[in-house]
Each structure stands twice: as structure tokens, then as C-alpha cells.
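Analysis of the macromolecular model
In case you want the letters, here they are:
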Amino acid sequence: MKYVDEFRDPALLRKALAEIRSLVEPGRTHRLMEVCGGHTHAIFRFGLKELLPPEIELIHGPGCPVCVLPMGRIDDGLELANDPECIFTAFGDMMRVPGSQGSPLESKARGADVRIVYSPLDALRIAQQNPERRVVFFAIGFETTAPSTALTLLRARELGVMNFSVFSNHVTVIPAIRAILDSPDMRLDGFIGPGHVSTVIGCRPYEFIARDYRCPIVVSGFEPADILQSIVMILRQLRAGESKVENQYGRVVPWAGNLPALKALAEVFEVRPHFEWRGLGFISQSALRIRESFAAWDAEKVMPIRGVCVADPKAAQCGEVLKGVLKPHECKLFGVECTPERPIGALMVSSEGACAAHFKYGQTRLPIVTT
Amino acid sequence: MCLAIPAQICELLDDHLQLAVVDILGVRRKVSVQLLQADPPRPGDWVLIHVGFAMSKISGERAAEQLELLRQLGEAGAAQEEAGGYQVAADE
């Protein structure tokens, strides 16, 4: 059983839950989307859904970098990896993500030189240590991660490391939120805003959500008490008929973001005209490509990349799950053909993916005692 | 990968690369503190690390909470592996 007492600060949780119960409109479903995969993971792990009244429905958003990466980009990256001159580097999260010809791990098993790195600086170091090889860093992530790639490219230029390049798959959170808000089959009452993305971009970029879509958004920390407190803040806005941007995670997130990070991003990257997101399709101005001034380190310029488009497996319903139209277990493949051991869709790979989280924590649902 | 790892600054390296030696989950690693240049950390300060870069300064109390959160999320092992894996500008 899940008791509130198991949490670090049960009194705080109990207070937040009582306030949530007092704020919900009985009989009305309040649909709140957590944008960030870290929040999705925490919500499942701590069973927060089961603590919340039935009037609160949490929709899992697109904020899991590996989950939104289309298969074509993985295929493109792995084609580079098959060149014996190439050392293909990527974060561990990427290793089991399936492309149409298999995952990076499977490429490695077939003989490609695929290496896990924990920082883009490590990939640069591998390039320095292997001057006769071409080292590609397969860059993924939202604005949390993109500044690290930018600073690594700045350093590569400074050090003159010419056998290093980046295959940029960095995406930006704001266009994805806008695409979801514009989606005709989506009705949301509020957003639990991403925590660590906001340490970089700050809170101002979210203002259009409150102003143009009349939708509250609260940037949230990752503790159970943070997430519940953010829900309280959203409900208070709804009750007062307001919509504004609030920052529950002020202890880490500055309102203006991180200026050195934003400066590095602007120096190295520019916005792509459009980019494909798995499940969401092409979204305009939703990703970052490397500027012409860094073309010598841009894998898309210095290596042969075909830019393939690959349709997702037909039976998988990743797109509907990503948009929150379907719950993970409502997909035909969930838990049968698609499992964390043998993922078909990327949502089943990362612990931040809704399907993997649901598979891991959702099946052992136990009776709940909340008070 | 959204969850940052808390680390304590041991030593700021006097170089233009803006690196610092940190204690991250019990191992000493070099990380970049370039993103904190507006308000540079000092030895003893706590920071949140993401892919080899310090992203923000936090209090010691928040650092302890973040560690506990990683443990509860079952991410402590992955965080340990990440911390141990950093090769950032390791000594030649």
C-alpha cells in the first residue's frame, strides 16, 4: 500500500492533497499536462495519480528527448556509425532506442564502434585521443542539454579539433507545447512546466501560454511535494479565473534563465525551419541546427547524411500516447509486443517515457490509503 | 536524463576552461562551471550537474534532498555510473 507517511514530508503532502481536494470542481475533469519526462517518471514512481482526486487527470507530455526522436534520425546516425573510420558516441539513454535497422547497441554488436559518453566533452576527448578517426557525437536533448553541446563545440573550435563533429538532434520545448495547444483533439486546463529546461530558458518563454491560450503553467520541482504544490497553484489560478506563469521551483530556476547558456546556444545554434518529432509529426522551428560558422564540426555538413524519413511501426500508437490522447496501456502493443526489454516504440525505452514508467510502476497498482 | 546530480565543489581550477574538481556521489571528477560564470561557485558550494556541466547552485539541504530523490526514483545507480563515467578533461 502507498501511505503518505512513506514520503519525506507527509504533513506537507497531506496539506497539498487537502487543498487540491478543496479546489477541484466536483464532477469536472481537470486535464493537466506535465511536459517533462522527469516529472512523468516521478509521478509514476510515487504513485501520485492514485493520491489525487479523480477530477485530476495527468497527461504525459513530450518532454522525453529519446521518445520524440524519429526513427529516420537514428537510421541516419547509425549509417555514420557503420563507417569503420567513425567512432559513434551518444548518451547511454540512446543505446536501446530502436531505428528501423535496429538500435545503436545492435549496431555495436554488429561491429560498429559505438561508445557511451556521459558528457559531450567526453566525446571531444575521444576525438583528441583518436586523431586518425572521425568522432561523431549524436546530440539529443532539450534546452537543458543543448548548452553543453554548444560549449563543447566552442571548445572544439578553440582547440582546433577537426576530427570531431556533432549530429544535432536538439529540440526546443516551446514549439512542442504550442503544437499540443493547437492540436484539435487536445483540451488542457494547465501545464506543470519543465524544471531543468527552465533553469536555462527561464520562465518568460511560457508567457504566450497564459496570455494567448488562457492556460495556467507552473514551473515545478521534482519532489512529490513540489508536483502537488504545482497542481495546487494551477488549481488556484483556475478557481480565480486567471492564467499566468508561476515558478514553484524558484530555488533552482531563475526567472530570466541562465544567460551564459543562452549566449552559448545563440552563438552555436540556429533554429531549423522544421523538424520531425516522433508522434507529433513535423513542427516548424522546433529544433536547433549548427550555424554555418561551425559547419566544420556539423556532421550534417561534413558527413554523408541522407535525411531519411521512416514511418513508425504501424501497430504502435506512440503518437497518440505522446499527445496524451491514449493512455500507455491502451496501445495495442503495450506490455505484449512492446516491453522495456524489447521496445518497439521509444516511449518504452527511457525511464522518462510514459510507457516504460507505466510498465514499471503502473502494473503493480495497490490499494491506496491517503489519509 | 532530466534529473540533475548534486555535487560539491572541492577546488576551482585556475584555467580558462573554467573547470572545477567536484565530489560527485563520492567520486572526484572535473566538471565545467562555465555556465555559472555570472555567480561563480566557491569550494564547499553545492551545484547540480547535468552531462558534465554545473547548471545551478543549490543549498546543501537541497542537495541532500536531490540525492534522496534520485535514490527513490531508482536512478541512484545510473547517476553513480554517470558520475564515474565523466572523463571530462581527465589528466592526460
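Computed from a predicted model, the values in this text were never measured in an experiment. (Residues numbered from 1 in each chain as written. Chains lettered and ligands numbered in written order. Predicted model: local features only at pLDDT ≥ 70, side-chain atom pairs only at ≥ 80, totals over all residues.)

The terminal C-alpha atoms of helix α11 (residues 224-239) of chain A lie 23 Å apart, and with 16 residues this matches the ideal 22 Å at 1.5 Å per residue to within 8%. Of all the 16 residues making up α11(A), 14 are buried; the element is thus mostly covered by neighbouring parts of the structure. (Helix = DSSP H or I, 4+ residues; strand = E, 2+ residues; numbered from the N terminus. Expected span 1.5 Å × (residues − 1). Buried ≥ 20, exposed ≤ 12 C-beta atoms within 10 Å, placed from the backbone.)

Another aspect to go through is the domain arrangement of chain A. Residues and elements named next belong to chain A. Taken domain by domain, chain A comprises domain 1 (13-64 + 174-247), domain 2 (71-173 + 257-302) and domain 3 (318-359). The gap between the C-alpha centroids of domain 1 and domain 3 is 21 Å. Taken together, the 14 residues of domain 1 in the interface contact eleven residues of domain 3. Within the residue set of the side of domain 1 that touches domain 3, elements represented by two or more residues are α2 (37-45) and β3 (56-63). Per element, the largest residue contribution to the side of domain 1 that touches domain 3 is five residues, and it comes from α2. Looking at side-chain class alone, the side of domain 1 that touches domain 3 contains seven nonpolar, six polar and one charged residues. (Domains from an automatic or database assignment. Contact = placed C-beta atoms within 7 Å. Nonpolar A, V, L, I, M, F, W, Y, C, P; charged D, E, K, R; others polar.)

Right, let's talk about the pairing of strand β4 (residues 46-50) of chain B for a bit. Residues and elements named next belong to chain B. Burial runs high along β4: five of the five residues are buried. Residues of β4 alternate between two faces, with W46, L48 and H50 on one and V47 and I49 on the opposite face, all of them buried. Bridge count for β4 against strand β5 (residues 53-58) is five bridges, and the pairing is antiparallel. When the sheet's bridge partners are listed, H50 is paired in β5 with F53. Hairpin remark: β4 followed by β5, antiparallel, with two residues in the connecting loop; positive phi at V51, about 40°. (Pairing = 2+ DSSP bridges.)

The subject of this paragraph is the sheet that holds strand β5 (residues 114-116) of chain A. Two strands in a sheet stick together by hydrogen bonds in their backbones, pointing the same way (parallel) or opposite ways (antiparallel). Residues and elements named next belong to chain A. Strand order in the open sheet made by the four strands is β5-β4-β6-β7, with parallel pairing throughout. Strand pairing shows two members of the sheet lacking a second neighbour, β5 and β7 (164-170), which therefore form its edges. The mean angle between the axes of side-by-side strands here comes to 25°, regardless of whether they run parallel or antiparallel. Bridge count between strand β4 (residues 86-90) and β5: three bridges; the pairing is parallel. Of the residues in β5, the one forming a bridge with A90 is I116. Packed onto the sheet, helix α4 (residues 71-81) meets β4, β5, β6 (134-141) and β7 and runs at close to 140° relative to β4. Along the sheet, helix α7 (residues 146-159) contacts β6 and β7; its crossing angle with β7, the most-contacted strand, is approximately 160°. (Axes fitted to C-alpha atoms, helices over the stretch in contact; angles between N-to-C directions.)

We now examine the interface of chain B and chain A. Each partner contributes to the interface: chain B provides 29 residues, whereas chain A provides 33 residues. A total of five residues in the side of chain B that touches chain A trace back to one element, the largest contributor, which is helix α1 (residues 60-72) of chain B. A breakdown of the residues in the side of chain B that touches chain A according to their chemical character gives 16 nonpolar, nine polar and four charged.

All names here are of chain A. Residue position: S220 is located in the loop between β9 (217-219) and α11. For the pair S220 and G250, spaced 30 residues apart in sequence, the C-alpha separation works out to 8.6 Å. Contacts of S220, omitting those with residues within four sequence positions, involve H39, I192, G193, G195, D226, I227, S230, Q248 and Y249.

On to the pairing of strand β12 (residues 274-277) of chain A, then. Residues and elements named next belong to chain A. Here β12 runs beside strand β13 (residues 281-284); their pairing, made up of four bridges, is antiparallel. Following the sheet pairing, H274 is matched in β13 by S284. Between β12 and β13, which pair antiparallel in sequence order, lie three residues; one of them, G279, sits at a positive phi of approximately 85°.

For the rest of this paragraph, the subject is the sheet that holds β9(A). All names here are of chain A. Here we have five strands laid out as an open sheet, ordered β3-β2-β8-β9-β10, and parallel in their pairing. The outermost strands of the open sheet, each flanked by one partner alone, are β3 and β10 (245-247). Averaged over neighbouring strand pairs, the angle between their axes works out to 20° when direction is ignored. As paired elements, β9 and β10 share three bridges and run parallel to each other. Across the sheet, residue V219 finds its bridge partner in β10, namely N247.

Further remarks concern unusual backbone geometry. Backbone geometry at Q285(A) places phi at a positive 50°, although glycine is not the residue there. Relative to the assigned elements, Q285(A) resides in the loop between β13 and β14 (288-290). On the neighbour-count criterion, Q285(A) (14 C-beta atoms within 10 Å) is partly exposed. The backbone phi angle of L25(B) is positive, close to 55°, even though this residue is not glycine. Mapped onto the fold, L25(B) is located in the loop between β2 (19-24) and β3 (27-32). Taking the number of C-beta atoms within 10 Å as the measure of exposure, L25(B) has 19 and is therefore partly exposed.

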